[in-house]
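Descriptive structure summary
Each chain, letter by letter, is given below.
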Amino acid sequence: MRSATTLVLLALCTCAQAAPDTDPRSGLIIDEGWVYANAHCGACHSYALVTAQRGDADFWLNTIRWMQRTQKLWEIPQDQETALIAYLARNYNEDDWGRRPLLPPSLLPSHASESPSAPQPE
Ligand code: HEC
């Protein structure tokens, strides 16, 4: 009986440890660099748009550049941008999809070429 209780407690502790800490206001994972996501990524849309997305550092850089080009996202100081992209690529990377992967461009309607995930002409 006692060992069963211990097992249950152990299982509960393991689960609690596996889930990362998240900020209750934004829903962002609390990890090095999260303050920059908190500061720069919730002004125009829900933080949920950020936390539902997945990608590597290139993906996040392209998404930021696309918002700067087309959505009036401001310049982010270089040191903050570097820490922010590292944070996003570490915590919201494609190895851990929260939703289905993005459709390939060939399956998108032609107006979707403006999307940040579409290949951009250099
Ligand atoms: C100045 C306004 C603004 C700020 C600040 C902003 N965004 Fe956006 N972002 C937008 C707009 C507008 C869209 C398009 C929303 C839509 O399609 O409904 C968008 C869309 C997105 C998307 C979805 C892209 C897709 O493929 O659908 C992601 C991810 C995203 N933003 C991440 C971020 C991150 C990370 C930050 C912080 C660096 C940020 N946003 C800050 C304006 C902003």
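Note that the structure is predicted; figures quoted are calculated from it, not measured. (Residues numbered from 1 in each chain as written. Predicted model: local features only at pLDDT ≥ 70, side-chain atom pairs only at ≥ 80, totals over all residues. Heavy atoms only, no water.)

A few points about the overall build of the protein chain
Broken down by element type, the protein chain carries five helices and zero strands. Starting at the N terminus and walking to the C terminus, you meet the elements of the protein chain as α-α-α-α-α. For the protein chain, restricting intrachain contacts to residue pairs at least 6 apart in sequence, the fraction spanning at least 24 positions comes to 56%. Carbon and sulfur atoms provide 60% of the accessible area of the protein chain, an area that totals close to 8500 Å². (Helix = DSSP H or I, 4+ residues; strand = E, 2+ residues; numbered from the N terminus. Contact = heavy atoms within 4.5 Å. Areas by Shrake-Rupley, 256 points an atom, 1.4 Å probe, with all protein chains shown as cover.)

Description of unusual backbone geometry
Notably, Lys72 is not glycine yet its phi reads approximately 65°, a positive angle. Note on placement: Lys72 falls in the loop between α4 (57–70) and α5 (78–91).

Remarks on the coordination of the iron atom of the ligand
Protein coordination at the iron atom of the ligand: the donors are His45 (NE2) and Met67 (SD), at 2.0 Å from the metal. Coordination geometry of the iron atom of the ligand: the six donor atoms subtend angles of 87 to 179° at the metal centre, consistent with an arrangement described as octahedral. Separated by 22 residues along the polypeptide, His45 in the loop between α2 (34–40) and α3 (47–51) and Met67 in helix α4 bring together distant segments of the chain. (Donors = N, O, S within 2.8 Å, 3.2 Å for Na, K, Ca; no water. Tetrahedral: all angles 85-135°; square planar, octahedral: opposite > 155°, others 65-115°.)

Observations concerning the site of the ligand
In the vicinity of the ligand, 19 residues are found, and the nearest of them are Cys41, Cys44, His45, Met67 and Gln71. Between the ligand and the protein, one listed contact pairs a nitrogen atom with a side-chain N or O atom of His45 at 2.8 Å. Listed by contribution, the elements that provide at least two residues to the shell around the ligand are α3, α4 and α5. When residues in the shell around the ligand are grouped by element, the largest group, four residues, is from α4. Looking at side-chain class alone, the shell around the ligand contains 13 nonpolar, five polar and one charged residues. (Near = heavy atom within 4 Å. Polar contact = N/O pair within 3.5 Å; in protein donor to acceptor, adjacent residues only side chain to side chain. Nonpolar A, V, L, I, M, F, W, Y, C, P; charged D, E, K, R; others polar.)

Considerations on α4
Between its terminal C-alpha atoms α4 stretches 20 Å, which fits the 20 Å expected from 14 residues at 1.5 Å a residue. Taken together, the buried residues of α4 touch α3 and α5. Remark: Lys72 follows α4 within two positions and exhibits a positive phi of approximately 65°. (Expected span 1.5 Å × (residues − 1).)

Observations regarding the pattern of salt bridges
The final tally for this structure, using the stated rule, is two salt bridges. Between Glu81 and Arg65 there is a salt bridge, with the nearest N and O atoms lying 2.9 Å from each other. Note that Glu81 is positioned in helix α5 and Arg65 in helix α4, a separation of 16 residues in sequence. (Salt bridge = Lys/Arg side-chain N within 4 Å of Asp/Glu carboxyl O.)

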